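In case you want the letters, here they are:
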Amino acid sequence: MISRISDGASCTVRIVGHIAAWSGLALVLLVAFNVLARYLFGYGTVALQEMEWHLMAVTALFGMSYGLNQGGEVRVDVLYSGFRPRTKAIVDLIAHIGLLAVSLIIAYLCIAYVQASYSINEGSPDPGGLGYRYVLKAALPIAFALLSIQALAMVLHGILQLTGQRPLPETDPE
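Below is a summary of the structure that appears in this document. Residue numbering note: each chain is counted from 1, following its sequence as written. The predicted origin of the model limits local features to residues at a pLDDT of at least 70 and limits the giving and counting of side-chain atom pairs to 80 or more, whereas totals for whole chains, interfaces and linings rest on all residues. The basis for every side-chain value is the complete set of non-hydrogen atoms in the structure, without hydrogens or water.

## A short note on the overall build of the chain
Heads up, the rule is: Strands are runs of DSSP state E lasting at least two residues, helices are runs of H or I lasting at least four, and both sets are numbered from the N terminus onward. Only protein chains enter the accessibility calculation, which uses a 1.4 Å probe; a residue is then buried when its area is under 20% of its type maximum, exposed when over 50%, and partly exposed in between. Residues count as neighbours in contact if any of their non-hydrogen atoms are within 4.5 Å of one another. Each accessible area is a Shrake-Rupley estimate made with a 1.4 Å probe; only the visible protein chains count as cover when residues are assessed. For this count, His and the chain ends are skipped, Lys and Arg are scored as positive, and Asp and Glu as negative. To locate a charge, take atom NZ for lysine, CZ for arginine, CG for aspartate or CD for glutamate.
A count of helices and strands for the chain gives five helices and zero strands. Taken from N to C terminus, the helices and strands of the chain fall in the order α-α-α-α-α. Here the C-alpha coordinates of the chain stretch approximately 60 × 40 × 30 Å along the principal axes. Residues counted as buried form 32% of the 174 residues belonging to the chain. A separation threshold of at least 6 residues defines the contact pool for the chain, and within that pool the share at least 24 residues apart is 74%. Surface exposure of the chain reaches about 10,800 Å², of which carbon and sulfur atoms provide 70%. Counting 10 positive and 11 negative side-chain charges, the chain places the centres of these two groups 7 Å from one another.

## So, the packing of helix α1 (residues 2-41) against helix α5 (residues 139-162)
How two helices sit against one another is set out by the angle between their axes and by the gap between those axes. Threshold: All axes are obtained by fitting lines to C-alpha atoms, using only the stretch in contact for helices, and the reported angles, taken between N-to-C directions, cover 0 to 180 degrees. What makes a crossing left-handed is the near helix being turned counterclockwise from the far one by less than a right angle; a clockwise turn instead makes it right-handed. Under the scheme applied here, ten amino acids are nonpolar (Ala, Val, Leu, Ile, Met, Phe, Trp, Tyr, Cys and Pro), four are charged (Asp, Glu, Lys and Arg), and all others, including Gly, are polar.
Put simply, α1 and α5 touch, their axes get as near as 8 Å, and they point 145 degrees apart. Handedness of the crossing formed by α1 with α5: left-handed. Where α1 approaches α5, its residues Ile-2, Ser-3, Ile-5, Ser-6, Ala-9, Ser-10, Val-13 and Val-16 are matched on the opposing element by Leu-146, Ile-149, Gln-150, Ala-153, Leu-156, His-157 and Leu-160. Grouping the amino acids of the contact of α1 with α5 by side-chain chemistry returns 10 nonpolar, five polar and no charged.

## Overview of the side chain of Thr-59
Under the convention used in this document: For this analysis, a polar contact is any N or O atom pair within 3.5 Å, provided that within protein one partner can donate a hydrogen and the other can accept it, and provided that sequence-adjacent residues contribute only side-chain to side-chain pairs.
Along the chain, Thr-59 turns up in helix α2 (residues 46-69). Here Thr-59 falls in the buried class, since its relative accessible area comes to 19%. A polar side-chain atom of Thr-59 sits 2.7 Å from a polar atom in the side chain of Ser-23. With residues near it in sequence (within four places) discarded, Thr-59 still touches Ala-20 and Ser-23.

The following block contains the structure:
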């Protein structure tokens, strides 16, 4: 059952990650449109410019859990690379528990931030900018909740490794 929960959580994060990756294409097309419209036709709006960074922010927020899911995190292997597989699994488990706790705390704290934005119907301070900024801010707790789902999947995976139900991390051949 733990294995199914872990695999299901990882699968959910992968699906959202694929959507976030495709939003990169939307960002490129939007930037290209803005550049061409401005320099070829003399047309540009603040709303479209703001849409660029809104899209980039959402892509980055939802992409962070996918990056972790795919093993794209940065490690400082000064000591870790010399550890035995079981020690590596213990270190990973402790790190993932920490990530789970921090991502849940951030997700929880972001809710008040979104509520404050919603209560004043926050929009862009620039004339012609996008309204409903709380919709963008709502991506924060959702993205950190998704990160906590990935962290939970990794915690469960670590437990399975330490109980012998999944293989331990490989040792470096060096």
